[in-house]
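Inside the fold
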Amino acid sequence: MATGSARHVRYVLIACFLLAVFYFVSNSRDISPSLSGQFAGTNTKSGNAPEAQQPVDGSSSSVAKDSPNQAKIKTNYDPSEFPMALKPGDPGWDDLAGIKDGPRMNATFVTLARNSDVWEIAKSIRQVEDRFNRRYNYDWVFLNDQPFDDTFKKVTTSLVSGKTHYGLIPVEHWSFPEWIDRDKAEKVRQDMKEAKIIYGDSVSYRHMCRFESGFFFRQELMMNYDYYWRVEPSIELYCDIHYDPFRFMHENNKKYGFVISLYEYIETIPTLWDSVKKFMKNHPEHIAAGNAMGFLSEDGGETYNKCHFWSNFEIGSLNWLRSKAYIDYFESLDRDGGFFYERWGDAPVHSIAAALMLPKEEIHFFEDIAYYHVPFTHCPTDDKLRTALRCHCNPNENFDWKGYSCTTRWFDINNMEKPEGWEDQKK
Ligand SMILES: Nc1nc2c(ncn2[C@@H]2O[C@H](COP(=O)(O)OP(=O)(O)OP(=O)(O)O)[C@@H](O)[C@H]2O)c(=O)[nH]1
Ligand SMILES: *[C@@H]1O[C@H](CO)[C@@H](O)[C@H](O)[C@H]1NC(C)=O
Ligand SMILES: [Mg+2]
């Protein structure tokens, strides 16, 4: 009996000691520089301590290292204090457990969706969280031309580890501008329906493409951020993401990131390039030196080769999209009416803007973010990389080097070395 209670006392003491150690460890994490100045949000998950962290405010105290144009990049943290594991074997590569310490960018995921998309977006969110955001807890903004219903909000908030925000798009951003002749637009939809052009007869698809081209980045909720990552329903992410792509964008001065590129259906954009040429003529000041015209055109800009980055995946700079250059570009195109008199997609619209108005170094191909949106897959080419990233994509389905992809062209105009094994995937 006596020995029995002594043992109990010992257990209690050990338990107290362990609790004290645990308390000390979790508190010392809280006072590390990266985690000071946190904010708690209404939708931040309590199970995911520590809470989301204060984004960088752009005030300067450090300069990113290892970046080609590092002179331009100012951060309010010391990047070398929190090295990012960009490739297998880099310090911290094996650390995929728990909330990642280190800085957070002023960034959000963004999804345009209908209430009926809830289960398909749920699937996308789950993959983004499992492969990346569970350790970073970035916010997620949802936008809709109709109010989101309770089911949509409940399901998505339960899945996102960061804060969730729901925005209603103002009608001016989702309707025909006054200069559009609706009868003419109606006639086009009839013709495109007969020609069996995908979404050719859809009004809502056109509003969607115009909204993604010119308005998503200036919605009230989006004004709170510097960077976005666009996520659509029913996508897949096939590999672990070992570093923060937002931070990569920031420290390397990237403005636009993509994973898949391809040729656009010409039937949807017959006069887009004429409109772009008109803009270039009226606004030569917006055309960047050292741009990626070579990605868009084989003849120095006379004709468009239809290459574009696939915009259902994008990681980009909102401030770039909100710049005078981009807004002038969008407004010029919008006046020409092709969102309604043709069926201009936001993918060629964004891509042409990025390729003409950014120096080409500011556009980034994320080889290590494996992705699927029906019907195309980006799966890392290099076998060793795929294994290190624990990818579950089938490399035979990698679209990068196939004939209908423009990624070979992207590599060629940038004199980039293609990954090992690319030639075997040309098929
Ligand atoms: N709120 C709202 N969202 C829409 C509407 N139409 C499309 N979307 C969203 O806009 C994005 C693009 O639409 P999708 O239908 O996926 O177009 P797509 O990717 O060209 O075609 P799919 O091959 O069908 O995926 C998705 O995130 C959709 O959820 C709409 O009428 N209202
Ligand atoms: C985040 O970015 C927005 C838009 O650029 C800016 O208004 C806001 O002040 C930034 N927030 C922080 C904490 O830096
Ligand atoms: Mg889609």
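Looking up the protein chain in an unreviewed UniProt entry gives the name Glycosyltransferase family 15 protein, with the organism given as Thermothielavioides terrestris. Regarding the protein chain, the relevant UniProt record gives this comment under Sequence similarities (unreviewed entry): "Belongs to the glycosyltransferase 15 family."

**Overview of the site of ligand 1**
Around ligand 1, the surrounding shell holds 15 residues, and the nearest of these are Leu112, Asn144, Asp145, Tyr199 and Tyr205. Note that a nitrogen atom of ligand 1 is positioned 3.2 Å from one of the side-chain N or O atoms of Arg114. Asn144 is positioned such that a nitrogen or oxygen atom in its side chain is 2.8 Å from a nitrogen atom of ligand 1. Out of a free accessible area of 620 Å², ligand 1 has 82% covered by protein chains. In a pocket analysis with a 2 Å cut-off to the grid points, ligand 1 is assigned to the largest pocket. The leading source of residues in the shell around ligand 1 is helix 5 (residues 203-214), at three residues. Among the residues forming the shell around ligand 1, the class breakdown is eight nonpolar, three polar and four charged.

**Quick word on the pattern of salt bridges**
A side chain of one charge can pair with a side chain of the opposite charge if their charged atoms are brought near each other. Inspection of every chain in the model, using the stated rule, returns 22 salt bridges. Glu212 is the salt-bridge partner of Arg230, the closest N and O atoms lying 3.6 Å from each other. Here the residue Arg230 occupies a position in strand 6 (residues 227-230), and Glu212 occupies one in helix 5, the gap between them amounting to 18 residues. Taken individually, Arg230 and Glu212 each receive the classification buried, so the pair is uniform in this respect. Note that Asp383 and Arg386 form a salt bridge whose closest N and O atoms lie 2.8 Å from each other. Residue Asp383 and its partner Arg386 are both found in helix 13 (residues 383-388); the two are separated by three residues, about one turn of the helix.

**Regarding the coordination of the magnesium ion (ligand 3)**
Within the first shell, the magnesium ion (ligand 3) binds the protein through Glu232 (OE) and His373 (NE2), at distances of 2.0 to 2.2 Å. One end of the pair, Glu232, is in the loop between strand 6 and strand 7 (236-237); the other, His373, is in strand 13 (residues 371-373), and 141 residues separate them in sequence. Take Glu232: its relative accessible area is 19%, and that puts it in the buried class.

Conventions used here
Residues numbered from 1 in each chain as written. Chains lettered and ligands numbered in written order. Predicted model: local features only at pLDDT ≥ 70, side-chain atom pairs only at ≥ 80, totals over all residues. Heavy atoms only, no water. UniProt positions renumbered as here; feature names shortened; annotations may be inferred. Near = heavy atom within 4 Å. Polar contact = N/O pair within 3.5 Å; in protein donor to acceptor, adjacent residues only side chain to side chain. Areas by Shrake-Rupley, 256 points an atom, 1.4 Å probe, with all protein chains shown as cover. 1 Å grid on protein atoms, 1.4 Å probe; cavity = no way out; pocket = protein on both sides within 12 Å on 5 of 7 lines; lining within 4 Å. Sits in = over half its atoms within 2 Å of the grid points. Helix = DSSP H or I, 4+ residues; strand = E, 2+ residues; numbered from the N terminus. Nonpolar A, V, L, I, M, F, W, Y, C, P; charged D, E, K, R; others polar. Salt bridge = Lys/Arg side-chain N within 4 Å of Asp/Glu carboxyl O. Buried < 20%, exposed > 50% of the residue type's maximum accessible area, 1.4 Å probe, protein only. Donors = N, O, S within 2.8 Å, 3.2 Å for Na, K, Ca; no water.

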